[in-house]
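Architecture at a glance
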2 protein chains.
Amino acid sequence: MNHDHILLAHGGGGRLSHQLITQEILTRFGSGPLASLPDAAALELDSSRIRFTTDGFVVQPLEFPGGNIGDLAVHGTVNDLAVSGARPRWLSLGLILEEGLPLTLLRRVLDSVQRAAADCGVIVATGDTKVVRRGQCDGLYITSSGIGEALPGFDLRLDRILPGDRILVSGPLGDHGAAILAAREGFENFHTPVSDSRPVHRLVEGVASLAWGIRFMRDPTRGGLATVLNEMTTGQDFGMLIRARELPFSPGTAALAEMMGLDLLHVASEGCLVMVCAAEVAEAILEFWRTLPEGEKARAIGVVTADQAGRVILESAIGGLRVVDVPSGELLPRIC
Amino acid sequence: MNHDHILLAHGGGGRLSHQLITQEILTRFGSGPLASLPDAAALELDSSRIRFTTDGFVVQPLEFPGGNIGDLAVHGTVNDLAVSGARPRWLSLGLILEEGLPLTLLRRVLDSVQRAAADCGVIVATGDTKVVRRGQCDGLYITSSGIGEALPGFDLRLDRILPGDRILVSGPLGDHGAAILAAREGFENFHTPVSDSRPVHRLVEGVASLAWGIRFMRDPTRGGLATVLNEMTTGQDFGMLIRARELPFSPGTAALAEMMGLDLLHVASEGCLVMVCAAEVAEAILEFWRTLPEGEKARAIGVVTADQAGRVILESAIGGLRVVDVPSGELLPRIC
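Residues numbered from 1 in each chain as written. Chains lettered and ligands numbered in written order. Predicted model: local features only at pLDDT ≥ 70, side-chain atom pairs only at ≥ 80, totals over all residues. Heavy atoms only, no water.

Attention shifts here to the overall build of chain A. The helix and strand inventory of chain A stands at eight helices and 14 strands. Here the C-alpha atoms of chain A give a radius of gyration of 21 Å, agreeing with the 20 Å that 2.2 N^0.38 yields for 336 residues. Expressed along its principal axes, the backbone C-alpha trace of chain A runs to roughly 70 × 50 × 35 Å. Taking all 336 residues of chain A together, the buried fraction comes to 62%. Counted over contacts in chain A with a minimum sequence separation of 6, partners at least 24 positions apart contribute 86%. Here chain A displays about 12,200 Å² of accessible surface, and carbon together with sulfur accounts for 51% of that area. Once the 29 positive and 40 negative side-chain charges of chain A are each reduced to a mean point, those two points are 1 Å apart. (Helix = DSSP H or I, 4+ residues; strand = E, 2+ residues; numbered from the N terminus. Rg over C-alpha atoms; globule rule 2.2 N^0.38 Å. Buried < 20%, exposed > 50% of the residue type's maximum accessible area, 1.4 Å probe, protein only. Contact = heavy atoms within 4.5 Å. Areas by Shrake-Rupley, 256 points an atom, 1.4 Å probe, with all protein chains shown as cover. Lys, Arg positive; Asp, Glu negative; His and termini not counted. Charge placed at Lys NZ, Arg CZ, Asp CG, Glu CD.)

Here we take up the domain arrangement of chain A. All names here are of chain A. We note that the domain assignment places domain 1 (38-150) and domain 2 (158-323) within chain A. For domain 1 versus domain 2, the distance between C-alpha centres works out to 25 Å. Taken together, the 20 residues of domain 1 in the interface contact 22 residues of domain 2. Roughly 1,700 Å² is buried in total at the junction of domain 1 and domain 2, and carbon and sulfur atoms are behind 61% of that figure. (Domains from an automatic or database assignment. Buried area = accessible area lost by both parts, 1.4 Å probe.)

This brings us to the packing of aromatic side chains. If you walk through the whole model with that rule in mind, you get one aromatic pair over all chains. Between the aromatic rings of A:Phe52 and B:Phe52, the centroid separation amounts to 6.4 Å while the plane-to-plane angle is 80 degrees, which identifies the pairing as edge-to-face. Pair noted here: A:Phe52 is in strand E2 (residues 49-57) and B:Phe52 is in strand E2 (residues 49-57), and the two residues belong to different chains. Accessibility classification places A:Phe52 together with B:Phe52 in one group, the buried group. Positioned over the ring face of B:Trp90 is B:Arg89, at 4.4 Å from the centre of the ring. (Phe/Tyr/Trp six-rings, centres within 6.5 Å; stacked < 30°, edge-to-face > 60°. Lys NZ or Arg CZ within 6 Å of the ring centre and 35° of its normal.)

With that settled, consider the relation of the copies chain A and chain B. Turning chain A through 180 degrees and shifting it by 0.0 Å along the axis lays it on chain B, with an RMSD of 0.0 Å. Those values place the two copies in the arrangement expected of a two-fold rotation axis. Taking C-alpha positions as the reference, the residue of chain A nearest the rotation axis is A:Cys137, at 2.3 Å. An overlap of 100% is found between the interface residues of chain A and their copies at the interface of chain B, pointing to a shared contact surface. (Least-squares fit on C-alpha atoms with pLDDT ≥ 70 in both.)

A few words on the pairing of strand E10 (residues 239-243) of chain B. Residues and elements named next belong to chain B. Among the five residues of E10, four are classified as buried, and the element is accordingly described as predominantly covered. As judged from the four bridges shared by E10 and strand E12 (residues 299-305), these two strands associate in the antiparallel manner. Its bridge partner being in E12, Leu 241 is matched across the sheet by Val 303. (Pairing = 2+ DSSP bridges.)

Pairing between the strands of a sheet is mediated by backbone hydrogen bonds and can be parallel or antiparallel. All names here are of chain B. The strand order E9-E11-E8-E12-E10-E13-E14 describes an open sheet built from seven strands, whose pairing is mixed. Looking at the sheet topology across the chains shown, the edges are occupied by strand E9 (214-218) and strand E14 (321-323). Across the sheet, the axes of successive neighbouring strands diverge by a mean angle of 25 degrees, strand direction being ignored. Relative to E12, strand E8 (residues 166-169) runs antiparallel, the two being bridged by four bridges. From the neighbouring strand, Leu 168 faces E12, where its bridge partner is Ala 300. (Axes fitted to C-alpha atoms, helices over the stretch in contact; angles between N-to-C directions.)

Let's shift gears to the confidence of the model for chain A. Mean pLDDT for chain A: 94, with 98% of residues reaching 70 or above. Interface confidence in the predicted complex, given as ipTM, is 0.94; pTM for the same model is 0.95. (pLDDT = per-residue confidence, 0-100.)

To continue, consider the sheet that holds E2(A). Strands sit in the order E6(A)-E5(A)-E7(A)-E2(A)-E1(B) across an open sheet of five strands; the sheet is mixed. The open sheet has two free edges, formed respectively by strand E6 (123-132) of chain A together with strand E1 (41-44) of chain B, since each of these has just one partner strand. Pairwise comparison of adjacent strand axes, ignoring direction, gives a mean angle of 20 degrees for this sheet. Where helix H3 (residues 103-120) of chain A meets the sheet, its contacts fall on strand E5 (86-98), E6 and strand E7 (140-150) of chain A, and the angle it forms with E5(A) comes to roughly 175 degrees.

Further remarks concern the packing of helix H1 (residues 15-29) of chain B against helix H3 (residues 103-120) of chain B. All names here are of chain B. Packing of H1 against H3 leaves a shortest axis separation of 9 Å and a crossing angle of 25 degrees. As the angle between them shows, H1 and H3 are arranged roughly parallel. Of the two elements, H1 crosses H3, and the hand of that crossing is right-handed. Contacts between H1 and H3 involve Leu 20, Glu 24, Ile 25, Thr 27, Arg 28 and Phe 29 from the former and Leu 103, Leu 106, Arg 107, Leu 110, Asp 111, Val 113 and Gln 114 from the latter. (Parallel < 35°, antiparallel > 145°, perpendicular 65-115°, else oblique. Left-handed = near helix turned anticlockwise from the far one by under 90°.)

Before going further, it helps to spend a moment on the interface of chain A and chain B. Each side of the interface is counted separately: chain A has 69 residues, and chain B has 69 residues. Between chain A and chain B, the buried area comes to about 5,500 Å², and carbon and sulfur atoms account for 54% of it. At the surface where chain A touches chain B, the tally comes to six salt bridges. B:Arg218 is the partner of A:Asp39 in a salt bridge, and the nearest nitrogen-oxygen pair spans 2.6 Å. Seen at the junction of chain A and chain B, the total is 32 residue pairs in polar contact (both at pLDDT 80 or more). Among the elements of the structure, helix H1 (15-29), strand E1 (41-44), E2, helix H2 (69-82), E5, E6, E7 and strand E9 (214-218) of chain A are those that each provide at least two residues to the side of chain A that touches chain B. Looking at the side of chain A that touches chain B residue by residue, the classes come out as 30 nonpolar, 22 polar and 17 charged. (Salt bridge = Lys/Arg side-chain N within 4 Å of Asp/Glu carboxyl O. Polar contact = N/O pair within 3.5 Å; in protein donor to acceptor, adjacent residues only side chain to side chain. Nonpolar A, V, L, I, M, F, W, Y, C, P; charged D, E, K, R; others polar.)

Residues and elements named next belong to chain B. With nine of ten residues buried, helix H6 (residues 224-233) lies mostly within the body of the structure. All buried positions along H6 are accounted for by Gly 224, Leu 225, Ala 226, Thr 227, Val 228, Leu 229, Asn 230, Met 232 and Thr 233. Where H6 is buried, its residues meet E8, E9, E10, strand E11 (274-277), E12 and strand E13 (312-315). Positive backbone phi, at 80 degrees, marks Gly 235, one or two positions downstream of H6.

We now examine helix H8 (residues 279-289) of chain B. Residue and element names in this part refer to chain B. Within the sequence span of H8, burial applies to Val 281, Ala 282, Ile 285, Leu 286 and Trp 289. Buried residues along H8 cover an arc of 140 degrees about the axis, so they all sit on one side. Exposed side of H8, more than 90 degrees from the buried face: Glu 280, Glu 283 and Glu 287 are the residues found there. Looking at the packing, one finds that the buried side of H8 touches E8, helix H5 (201-205), E9, E11 and E12. (Arc of directions from axis to C-beta.)

Here A:Ser112 shows up in helix H3. Here A:Ser112 is in contact with A:Asn68, A:Gly70 and A:Asp71, once residues within four sequence places are set aside.

A few words on unusual backbone geometry. Residue and element names in this part refer to chain A. With an omega dihedral of 5 degrees, the bond running from Gln 60 to Pro 61 counts as a cis peptide bond. Here Pro 61 shows up in the loop between E2 and strand E3 (63-64). Not every positive phi belongs to a glycine, and Gln 308 is a case in point at roughly 55 degrees. As for its placement among the helices and strands, Gln 308 is situated in the loop between strand E12 (299-305) and strand E13 (312-315).

Laid out in structure tokens, this is it:
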């Protein structure tokens, strides 16, 4: 019997659950540790130092210019491992499905998970699928956890940041948030923003030989660049100065921000790396990043300062200074 | 400013999110790798052989006799690691909260997570919190992943099961499902079923010296004992015979099943271990189990047979035989 939509029975643990797992999960992810559907995947590590992360994805719409909730979950999890100085290895895939979800949509999302995982060199090692009634979910939620192995040489700590260090970003800011907003509001023109949903692990692994000069990394998702820079400086004895004329923005994202009065420093990216590093290694890192598609628009956007301790300061295009604050509440719910 | 209920802004990545994490998460789980809220937790392993699992929890009601969604998530994840022959070490805690969720309820759930994790000797190492609008979730969903370290000596494989092996269960069957059902239907009397939500890892670690004789383990959650035994036998060259008079049931659960016409072989437990082991070690394992509260009602319920290959057969109290099948669809949605 064939069904076009998810039924409650697909989550009941009986035959229909089994069919869903066999036909939709095992066909895509069943060649590795998932093959026998064990209670837990058996994994063999090369290192005893691992990194462990988790993220929930509730983005709406489920599909948007530049990606969907499936690749977003893979990239979000891979990126959390990468910015902690680890090589991403294994992911879990926890699905909560709403009764009535079209199977074609689920298949597109799972195809994206499969492609993104392959592209990142990670294996979906374990998973779980639950189904809830109509009106108890909004289509599909994903919670993904990831395990990575620590890359030798990285020692990422805020207390290694020093005045004179450089602040780098690997690409344009705010593209993901702008794409979600535009998709929700129905904006479409030749400059429609496109999500930057993509992995940053190659940007990290490729500069591992310079790890001694890398102090700290983050990916500016919810809350944007303003939030991650404030998280780095609050309570510290250094400040940060960033320069508006160095901040990279995509044309469509900048146009949308202007039209809607958005501060793009508060808007999420999903494929951007923010790095604080010693001045001596900054140019070499930028040079390498620019050889990769995901880093071709990389820029040095500012410096760590001895004054303005605990604060992030923005120098405007005409030289004015203002404090960059953290957004206080919800900018845009369900962005990721 | 104080809030009594979850607001959308608690999930926006700004100040209110930070407050929620600081006040509700860090106060309970902030002493270990979560302390600095890194993108990924840094963990140091003793073994290079790990187990990795994930489970989503969407149980309704969120609180029930014997537990709530918080300890259920911890026990479910711990148990998946335990039955794969691992010592549970670290958990992730992925929360999806519905706007309007009472903070007092969230606190009770998080208190339960904290207590259950401490009791199981596992550390909540990483987490994530999302908030969705009213009507896009049903109060609170939890997705938890777990990492365990493989216990030496265990080699758990279906192809090690042999005719003559014994089938053991560590306690009464179906108590969790019966408790959820009774709570939903509003049944209450002096025999109200109580969930068996509890960890089984001590039952595993305590018999590690007999691991050579242990073939396979599972915990009979969704789909109950019937499902896990069928998963073990389907397509194999052995069968299983279980005896009705040996199956342990709690009085309240048995009474509810009789009243509602439930087949308790299909009803979920959340703190029960099903083990297939060599006959030589069965008595020693039962003897040890019965020294622990979670194993005091342990029983040998049947044997692996050379005939009836691929099938699970139930011998009734009066000696009749019937095939035990897998439930075909939804018995009870959102049981875990």
